[in-house]
Amino acid sequence: MGHGGVTAQAALRDAHRFLLNTYKRAPIVFVRAKGCTIVDADGKKYLDFLGGIAVNALGHGHPRIVRTIRREAGRAIHFSNLYHHLWQGPLGRKLASWSGMDRVFFTNSGTEAIEGALKLARLYTRRQNGGSRASGKPGILALDNSFHGRTFGALSITSTRKYREPFEPLLPGVQFVCFNDVADLEAKFDATIGAVVIEPLQGEGGIHAVSDAFWNRARELATQHGAALVADEIQCGLGRTGRYFAYQRFAARPDIVVVAKPLAGGLPLGAVLVNDAIASAVSPGVHGTTFGGGPLTCAVALEFLKTVDEEKLLGKIQERGRELRAGLIKLQRKFDFIREVRGEGLMVGVELSIEGAPFVTEALRSGVLINCTHDYVLRFLPPFTVTSREIGQFLSKLETVFAKTPRTALLPAMNSSAVAKARALAVAR
Ligand code: PLP
């Protein structure tokens, strides 16, 4: 069957022939989606518990998002950041009110927002210390198990070796702190550090929550040394944990907050939110981007944020999250290879004592989309609009997947030092 004049076979053939080989993709062609359901070219339905990796927060085809895209696409898709349009200012206001930050810069992606955050931290520390090249604080602290993106700056603060090594040398001056290890943070924090970048709830790293003690100490040390505390909320932010931002479970605020994934309902848009101190270092011309913050993406983002508020989704995220975790804990009693159920709101991880990939493959075969991160953590990121019924369906399908998938051997990755340390600290807490 043709879809818009292209058959699935032709799409696959061209993909194999013409696309760079950067992703391990299942040989399935998706053609449409609605809510929590995606349909492939053969008409097979999939329950979407991955949400485009935390992008499709209102599910697929949400009427408010579709309506806004239609309305704005007919008016204007792009002008230029040399001029104002109707939506950037009001979107900035809304993001400021959600976050408690003061000013906003729009980008096209998560990694570009991280680059912006690193540059703004550099500018801020340099301006604070006289403005000369020597006055900057070039050091950056990030965490073991972190993931911040694929461009050079973001990759430099991403700890995963297999992502880093092919591109070394990366940015100098980056050190990784053992996850939630306050003593290690204190040992590595000195006057040369200009930024400390933290995912309050790590995503790609396997759904690990930063502790209050670690966050508070990072805040104190950043203030003491004049460094910027950066919260990477690209995956965990904008409602996913049942709060506007995951850092809002801590008493102290960061200086810079970075968001992207769900911001524009599936269209590409990211943002760097900063406090007034960081903003005061910025003047026209020091930073910019062509596409970031166009009228279409900003209008849709504003509609997304309003929908979260008006449909009272934060409370629903918390309730559905509790249902999902409770169901997974029941499965844990049944399947001894489930080590731990972690997460907050609708950002949930299930750590296994065996390899996770075969379960992802079997889930796909049985019509459920999930993924596996760090080899042994199954990750679930359903839309904020997921229903109790869909959670029930998901849990029952997952139970079948767990029951019928052949077990593979224990993974050597379980002994990796970062993960072992993270687990030891989590247990000690
Ligand atoms: N930071 C975090 C926490 C992420 O999860 C991701 C993407 O998965 C990124 C940064 C990079 O975002 P993008 O893929 O939009 O560049």
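Every chain is numbered independently, its residues counted from 1 as its sequence is written. The predicted nature of this model means local features are confined to residues of pLDDT at least 70 and side-chain atom pairs, given and counted, to a pLDDT of 80 or more, with totals for whole chains, interfaces and linings taken over all residues. Hydrogens and waters are ignored; side-chain quantities use all the structure's heavy atoms.

Caption draft 1: Looking closely at the overall build of the chain. Elements are defined by DSSP. Helices are runs of H or I of four residues or more, strands are runs of E of two residues or more, and each kind is numbered from the N terminus. Helix and strand content of the chain: 15 helices and 19 strands. With the C-alpha coordinates of the chain rotated into their principal frame, the extents come out at 65 × 55 × 45 Å. Working rule for contacts: check all heavy atoms of both residues, and any pair within 4.5 Å makes them a contact. In the chain, once contacts between residues fewer than 6 apart in sequence are set aside, the share between residues at least 24 apart is 72%. Within the structure as shown, the chain displays about 19600 Å² of accessible surface, and the carbon and sulfur contribution to it stands at 55%. Per-residue accessibility takes into account occlusion by the displayed protein chains alone, with areas from the Shrake-Rupley method and a 1.4 Å probe.

Caption draft 2: The arrangement of the site of the ligand in detail. Each residue is tested against the molecule or strand, and it is near if at least one of its non-hydrogen atoms lies within 4 Å. Neighbouring the ligand are Ser109, Gly110, Thr111, Phe147, His148, Gly149, Glu199, Glu204, Asp232, Ile234, Gln235 and Lys261. A 3.5 Å cut-off defines polar contacts: any pair of N or O atoms within that distance qualifies, except that in protein one atom must be a possible hydrogen donor and the other a possible acceptor, and neighbouring residues in sequence count only when both atoms are side-chain atoms. Phenylalanine 147 places a polar main-chain atom, nitrogen or oxygen, 3.3 Å from a nitrogen atom of the ligand. For the ligand, an oxygen atom lies 3.1 Å from a polar atom in the side chain of lysine 261. Burial of the ligand by the protein amounts to 82% of the accessible area it has alone, namely 390 Å². For the shell around the ligand, the per-class residue count stands at two nonpolar, six polar and four charged. Throughout this entry, Asp, Glu, Lys and Arg are counted as charged residues, while Ala, Val, Leu, Ile, Met, Phe, Trp, Tyr, Cys and Pro are counted as nonpolar. The remaining residues, Gly among them, count as polar.

Caption draft 3: Here's a closer look at the sheet that holds strand S9 (residues 193-198). At least two DSSP bridges between two strands are needed for those strands to be called paired. Read across the open sheet, the seven strands follow the order S6-S14-S13-S12-S9-S7-S8; overall the sheet is mixed. Sheet topology places strand S6 (103-107) and strand S8 (174-177) at the edges, where each strand pairs with a single neighbour. Taking the axes of each pair of neighbouring strands and ignoring which way they run, one obtains an average angle of 20° across the sheet. Inspection of the sheet shows S9 paired to strand S12 (residues 228-232) by four bridges, in the parallel sense. Only C-alpha atoms enter the line fits that serve as axes; for helices the fit covers just the stretch in contact. Angles between N-to-C directions range over 0 to 180 degrees.

Caption draft 4: Seen up close, the confidence of the model for the chain. The predicted model of the chain has a mean per-residue pLDDT of 94, with 94% of residues at 70 or higher. The pLDDT score gives, residue by residue, the confidence of the prediction method on a 0 to 100 scale. Between residues 412-420, whose pLDDT stays under 50, and residues either more than four places distant or in other chains, the model counts 11 contacts.

Caption draft 5: Broad picture of empty space enclosed by the protein. Site definitions follow a grid-based scheme: protein atoms alone, a 1 Å grid, a 1.4 Å probe that fits but cannot get out for cavities, and for pockets an open set with protein on both sides within 12 Å along at least five of seven lines, plus lining residues having an atom within 4 Å of a point. Grid points are joined across faces, edges and corners, and a volume is the space filled by probe spheres set on the points. Scanning the model with the defined rule gives one cavity of 30 Å³ or more in all. If you add up the space inside the largest cavity, you get close to 40 Å³. Lining the largest cavity are His78, Phe79, Ser80, Asn81, His85, Gln88, Thr290, Gly292, Gly293, Gly294 and Pro295.

Caption draft 6: Region of the structure containing the pattern of salt bridges. Put simply, a salt bridge is a Lys or Arg side-chain nitrogen that is within 4 Å of an Asp or Glu carboxyl oxygen. This structure, assessed with the given rule, holds 20 salt bridges. Aspartate 309 is paired through a salt bridge with lysine 94; the nearest N and O atoms lie 2.6 Å apart. Taken together, the residues span a long stretch of sequence, with aspartate 309 in helix H11 (residues 295-310) and lysine 94 in helix H4 (residues 88-99) at a distance of 215 residues. Close ionic contact of glutamate 186 with arginine 217 constitutes a salt bridge, the shortest N to O distance being 2.5 Å. You can see glutamate 186 sitting in helix H8 (residues 182-188) and its partner arginine 217 sitting in helix H9 (residues 212-225), a full 31 residues away along the chain.

Caption draft 7: Here's a closer look at the sheet that holds strand S5 (residues 45-48). The sheet built from four strands is open, its strands ordered S3-S4-S5-S17 with mixed pairing. Both edges of this open sheet fall to strand S3 (30-34) and strand S17 (368-369), since each of them pairs with a single strand only. Here two bridges tie S5 to S17, and the two strands are oriented parallel to one another. Note on S17: the bridge partner recorded for leucine 47 is valine 368.

Caption draft 8: Quick look at the packing of aromatic side chains. When two rings of Phe, Tyr or Trp (its six-membered ring) have centres within 6.5 Å they constitute a pair, described as stacked for plane angles under 30 degrees, edge-to-face for angles over 60, and tilted for the intermediate range. One pass over the full model with this rule turns up 13 aromatic pairs. Note on phenylalanine 49 and phenylalanine 394: the rings are 3.9 Å apart at their centroids and 5° apart in plane angle, and the pair reads as stacked. Taken together, the positions of phenylalanine 49 in the loop between S5 and helix H2 (51-54) and phenylalanine 394 in helix H14 (residues 388-404) put the pair 345 residues apart, joining distant regions of the chain. Judged by its relative accessible area of 0%, phenylalanine 394 is buried. Should the NZ of a Lys or the CZ of an Arg lie within 6 Å of a ring centre and within 35 degrees of the ring normal, that charge is described as sitting over the ring. Over the ring of tyrosine 163 we find arginine 150; its NZ or CZ atom is 4.1 Å from the centre of that ring. Any residue under 20% of the maximum accessible area for its type is buried, any over 50% is exposed, and the rest in between are partly exposed; the area is computed with a 1.4 Å probe on protein chains only.

Caption draft 9: View of the pairing of S5. Summarising the sheet, strand S4 (residues 37-40) and S5 pair through three bridges and their orientation is antiparallel. Among the inter-strand pairings, valine 39 is bridged to a residue of S5, identified as lysine 45.

Caption draft 10: Spotlight on the side chain of threonine 241. Looking at the secondary structure, you find threonine 241 in the loop between S12 and strand S13 (256-259). Leave out the neighbours within four places in its chain, and threonine 241 touches Leu201, Cys236, Ala246, Ile317, Glu344 and Gly345.

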